[in-house]
Amino acid sequence: MRQPMEEIKVSISRTKLAIDFPASFMLIASMNPYPCRFYNHPEKNCSCPPGSVTKYLNKISGPLLDRIDLHVEVTPVAFSHLTSTHIQEGSFEIRKRVVQARNLQDLRFKHKKGIYSNAQMESADLKKICSLNNESQTLIKKTMEQLNLSARAYDRILKVSRTIADLETSEEILSSHVAEAIHFRNLDREGWGG
Ligand SMILES: [Zn+2]
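The structure displayed is predicted, hence computed values, not measured ones. (Residues numbered from 1 in each chain as written. Predicted model: local features only at pLDDT ≥ 70, side-chain atom pairs only at ≥ 80, totals over all residues.)

Draft legend 1. Inspection of the pairing of strand β2 (residues 18-22) at higher detail. Counted residue by residue, β2 has zero buried out of five residues, so it is predominantly exposed. Two elements, strand β1 (residues 9-13) and β2, share five bridges in a ladder whose sense is antiparallel. Considered in β2, the bridge of Ser-11 is made with Asp-20. Two successive antiparallel strands, β1 and β2, enclose a turn made up of four residues. (Buried ≥ 20, exposed ≤ 12 C-beta atoms within 10 Å, placed from the backbone. Helix = DSSP H or I, 4+ residues; strand = E, 2+ residues; numbered from the N terminus. Pairing = 2+ DSSP bridges.)

Take a look at the structure:
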C-alpha cells in the first residue's frame with residue numbers, strides 16, 4: 001500500500017521482467033467505531049481501561065496514517081443540531097469553491113509537468129509555495145513539538161494549509177488555515193490516545 005501511495009505506481013518484478021503499473025488514486029478509508037462508542041462522546045463518558053484506545057488505534061499502522069492527509073472523526077450528532085434551522089453551505093456553493101481552488105493550482109503548477117495539485121507538490125517547492133508568516137510558524141512549531149509529529153506530517157500540514165487558503169482565495173497562508181490543517185490530523189492529536 002505504501003509504494004502506490006508514495007510513488008503513484010505499483011512495481012512487479014519477476015526474474016526476467018520488471019514492470020511498473022501507474023497507480024494514481026485517491027484513498028478514502030474508514031475505521032469501525034471505537035468499540036464502546038463513548039470515547040470523545042460529547043455527552044457520555046468512556047470508562048475503558050487505559051491502553052484500550054492505543055490498541056484500537058494500532059489497527060492502522062503509523063506510517064500509513066502519516067500518509068493520509070485528512071483525518072476526520074465522526075462523533076454523534078446532538079439532537080439540537082439535528083433539529084437546528086441553521087442554513088449550511090450547499091454542495092453547489094462548495095463545488096464552486098473547489099473548482100476555483102483547482103484553477104488556482106492549475107495556474108500555480110502550469111510549468112511543472114505532471115503536477116496539478118498542492119498534494120503532488122515536490123518538497124523543493126514547499127518552502128516557496130507554502131511560506132508561512134511568523135504567527136503560523138510559531139503555531140506549527142508548537143504543534144510539532146507537542147504532538148511529536150513526523151517530517152512527513154509537517155509537509156502534509158503545509159500542503160493542506162495551502163489548499164485551505166486556496167479555497168478562501170487567500171494568497172497568504174494565515175494561521176487560521178494552518179490551525180484547520182492541524183485539526184485534520186485528528187488521529188495524531190492527544191485526544192486520540194496521545
Ligand atoms: Zn470506552
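That shown, we press on.
Draft legend 2. Region of the structure containing the nonpolar core. One finds Leu-132, Ile-157, Ile-173, Val-178 and Ala-181 to be the most contacted residues of the largest nonpolar core, which totals 13 residues. Secondary structure elements with two or more residues in this core: α8 (151-167) and α9 (175-183). With six residues, the single largest contributor to this core is α8. (Core = buried A, V, L, I, M, F, W, Y, C linked by C-beta atoms within 7 Å.)

Draft legend 3. Highlighting α8. For α8, which comprises 17 residues, the first-to-last C-alpha distance of 25 Å matches the rise-based estimate of 24 Å (1.5 Å per residue) to within 8%. The set of residues buried in α8 consists of Ala-153, Arg-156, Ile-157, Leu-158, Lys-159, Val-160, Ser-161, Arg-162, Thr-163, Ile-164, Ala-165 and Asp-166. Packing partners of the buried residues in α8 comprise α3 (62-66), α5 (91-108), α6 (123-129), α7 (134-147) and α9. Two residues or fewer after α8 comes Thr-169, characterised by a positive phi angle close to 45°. (Expected span 1.5 Å × (residues − 1). Contact = placed C-beta atoms within 7 Å.)

Draft legend 4. Structural view of the packing of α8 against α9. Between α8 and α9, whose axes approach to 8 Å, the crossing angle comes to 125°. As the angle between them shows, α8 and α9 are arranged oblique. When you trace α8 past α9, the crossing you get is right-handed. The residues of α9 that touch α8, namely those facing Ile-157, Val-160, Ser-161, Ile-164 and Ala-165, are His-177, Val-178, Glu-180, Ala-181 and Ile-182. Within the contact of α8 with α9, the residues separate by chemical class into seven nonpolar, two polar and one charged. (Axes fitted to C-alpha atoms, helices over the stretch in contact; angles between N-to-C directions. Parallel < 35°, antiparallel > 145°, perpendicular 65-115°, else oblique. Left-handed = near helix turned anticlockwise from the far one by under 90°. Nonpolar A, V, L, I, M, F, W, Y, C, P; charged D, E, K, R; others polar.)

Draft legend 5. Examining unusual backbone geometry more closely. Even without being a glycine, Arg-37 presents a positive backbone phi close to 70°. You can see Arg-37 is positioned in the loop between β2 and α2 (52-57). The class of Arg-37 is exposed, set by 12 C-beta atoms lying within 10 Å. In this structure, Asn-40 is a non-glycine residue whose phi angle is positive, near 60°. Summarising the element assignment, Asn-40 is placed in the loop between β2 and α2. Overall, Asn-40 belongs to the partly exposed group, with 15 C-beta atoms counted inside 10 Å.

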